[in-house]
Each structure stands twice: as structure tokens, then as C-alpha cells.
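Now for the letters of each chain:
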Amino acid sequence: HVLEHGAAEDRARLVAAVRGKVLQLSQHKFASNVVEKCVSHATRTERGLLIDELCGFNDNALHVMMKDQYANYVVQKMIDVAEPSQRKVMMHKIRPHIGSLRKYTYGKHIIAKLEKFFMKASELGPIGPPPPGAVL
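Numbers given to residues run from 1 along each chain, matching the order in which its sequence is written. Local features in this predicted model are restricted to residues whose pLDDT is 70 or higher, and side-chain atom pairs enter the listing and the counts only when it is 80 or higher, whereas totals over whole chains, interfaces and linings include all residues. Values shown for side chains rest on all heavy atoms present in the structure; no hydrogens or waters enter the calculation.

The protein carries the name Pumilio in an unreviewed UniProt entry, which gives Papilio polytes as its organism.

A. The overall build of the protein, seen in detail. Helical segments are the DSSP runs of H or I of at least four residues, strand segments are the runs of E of at least two, and each set is numbered from the N terminus. Looking only at helices and strands, one finds 10 helices and 0 strands in the protein. The linear arrangement of helices and strands in the protein, starting from the amino end, is α-α-α-α-α-α-α-α-α-α. When each of the 136 residues of the protein is scored for burial, the buried share is 40%. Taking contacts inside the protein between residues at least 6 apart in sequence as the whole, the part at least 24 apart equals 64%. Here the Shrake-Rupley method, with its probe set to 1.4 Å, supplies the accessible areas, and only the displayed protein chains count as covering residues. By element, 56% of the accessible surface of the protein is carried by carbon and sulfur atoms, the whole surface being about 7400 Å². Here the term buried applies to any residue with accessible area under 20% of the maximum for its type, exposed to any over 50%, and partly exposed to those in between, with areas from a 1.4 Å probe on protein chains only. It only takes one pair of heavy atoms within 4.5 Å for two residues to be counted as in contact.

B. Region of the structure containing the environment of R44. With respect to the helices and strands, the residue R44 is situated in helix α5 (residues 44-55). Look at R44 and you get exposed, because its relative accessible area is 59%. As a C-alpha pair, R44 and A82 span 38 residues in sequence and 9.1 Å in three-dimensional space.

C. Looking closely at the UniProt feature "repeat: Pumilio" (unreviewed entry) in the protein. UniProt positions are given in the numbering used here, feature names are shortened, and annotations may be inferred rather than shown by experiment. The positions UniProt marks with the feature "repeat: Pumilio" (unreviewed entry) are residues 17-52 and 53-92. Note that residues 17-52 is 75% helix and 0% strand, and that its end C-alpha atoms are spaced 16 Å apart. Between the end C-alpha atoms of residues 53-92 the distance is 15 Å, and the span holds 80% helix and 0% strand.

D. Fine view of α5. Expected helix span is given by 1.5 Å per residue-to-residue step, counting one fewer step than there are residues. Compared with an ideal rise of 1.5 Å per residue, which puts 12 residues at 16 Å, α5 spans 16 Å between its outermost C-alpha atoms and is within 8% of the ideal. When α5 is considered as a whole, its buried residues turn out to be E46, R47, G48, L50, I51, E53, L54 and C55. Packed against the buried residues of α5 are α2 (8-18), α3 (22-26), α4 (31-41), α6 (59-67), α7 (71-81) and α8 (84-94).

E. Quick look at the packing of α2 against α4. Lines fitted to C-alpha atoms define the axes here, with helix axes fitted over just the stretch in contact, and angles between the N-to-C directions of these axes take values from 0 to 180 degrees. Between α2 and α4, whose axes approach to 10 Å, the crossing angle comes to 125°. Classified by the angle their axes make, α2 and α4 are oblique. Judged by the sense of rotation from one axis to the other, the crossing of α2 with α4 is left-handed. Facing α2, whose interface residues are R11, L14, V15 and V18, α4 presents V34, V35, C38 and H41. As a working rule, the residues Ala, Val, Leu, Ile, Met, Phe, Trp, Tyr, Cys and Pro are called nonpolar, Asp, Glu, Lys and Arg charged, and the rest polar, with Gly in that last group. Across the contact of α2 with α4, the residue classes break down as 6 nonpolar, 1 polar and 1 charged. Angle categories: roughly parallel below 35 degrees, roughly antiparallel above 145, roughly perpendicular from 65 to 115, and oblique for all the rest. Throughout, a crossing is termed right-handed when the near helix is turned clockwise from the far one, and left-handed when it is turned anticlockwise from it by less than a right angle.

F. Highlighting the pattern of salt bridges. For this analysis, a salt bridge means a side-chain nitrogen from Lys or Arg found within 4 Å of a carboxyl oxygen belonging to Asp or Glu. With the rule as written, the count across this model stands at 5 salt bridges. Note that K113 is salt-bridged to D80, the shortest N-O span being 3.1 Å. Of this pair, K113 sits in helix α10 (residues 105-120) while D80 sits in helix α7, and the two are 33 residues apart along the sequence. The buried category is assigned to K113, whose relative accessible area is 14%. For D80, a relative accessible area of 29% translates into the label partly exposed. Note that K116 and D80 form a salt bridge whose closest N and O atoms lie 3.9 Å from each other. Placement of K116 in helix α10 and of D80 in helix α7 is noted, with a sequence separation of 36 residues between them. The exposure class assigned to K116 is partly exposed, which follows from its relative accessible area of 38%. Counted as one network, the salt bridges with shared partners bring together D80, K113 and K116.

This is the structure in C-alpha cells:
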């Protein structure tokens, strides 16, 4: 409620409390909803910091989030609200995992979200593994 209707300084305090704990909180049934709301209602700068945190995860942590029953929704929300440049970084981080995500119910949600954006935004490039020799 505070994230949606509260004062800017209260929202900022909640977003600050989530920063540095995105992975941990995203895997919790109720806390993941708070992380999603933070991503949705944060300022552009705060949202950028939260998405940068996700982009800074090692491949294993990102993979865990994408196949997790709760955390996958946080990743989807970040894809939805990211600035185009950040979304492109997210796509490049996610792309190597496409093959393994097809095996997981929640991973399929991520693939569907990516395909929606790939159909809309040709500048993101084709979905699937990066071409041989591509530098990410």
C-alpha cells in the first residue's frame, strides 16, 4: 500500500530496504510481491538500480530466479518496466539460458515474455543463443 499510495520518501525507504536483497526476497512467496511493487513504483533511478542488481548477478543466480515459482515474476516485471537499454542487457544475460528454461514451468513464462518483446522490438535481435563469437 505504501509503495502504491505513500509519500515519495517512504517509497524510497522501502526500495532502499529491498536493494541488495533482490535475489533473496524474490524467492519468498510474499516478499516477491513487495519486490515487484518496488520495481513498478520506484523512481526511474531506483528502478534502474534494482534492475542493475539483477543484471549483476552471476549466471547461476539469474538462472535460479528465472526458474523459481516466485522470482520469475520479478524478472518478468523487470523486463516489462526496464528502459530499452537495460532490457537489452537483460536479454543478453538471459539468452544463454533459453534452452534450459524450456524445461521448467516458470522458465517458460520468461521465454513467453521475451518472445513478446522480441516480436515488438526488432532492435533487440533474434531470440535464442547468441551467434558464435558474439561478445556479451
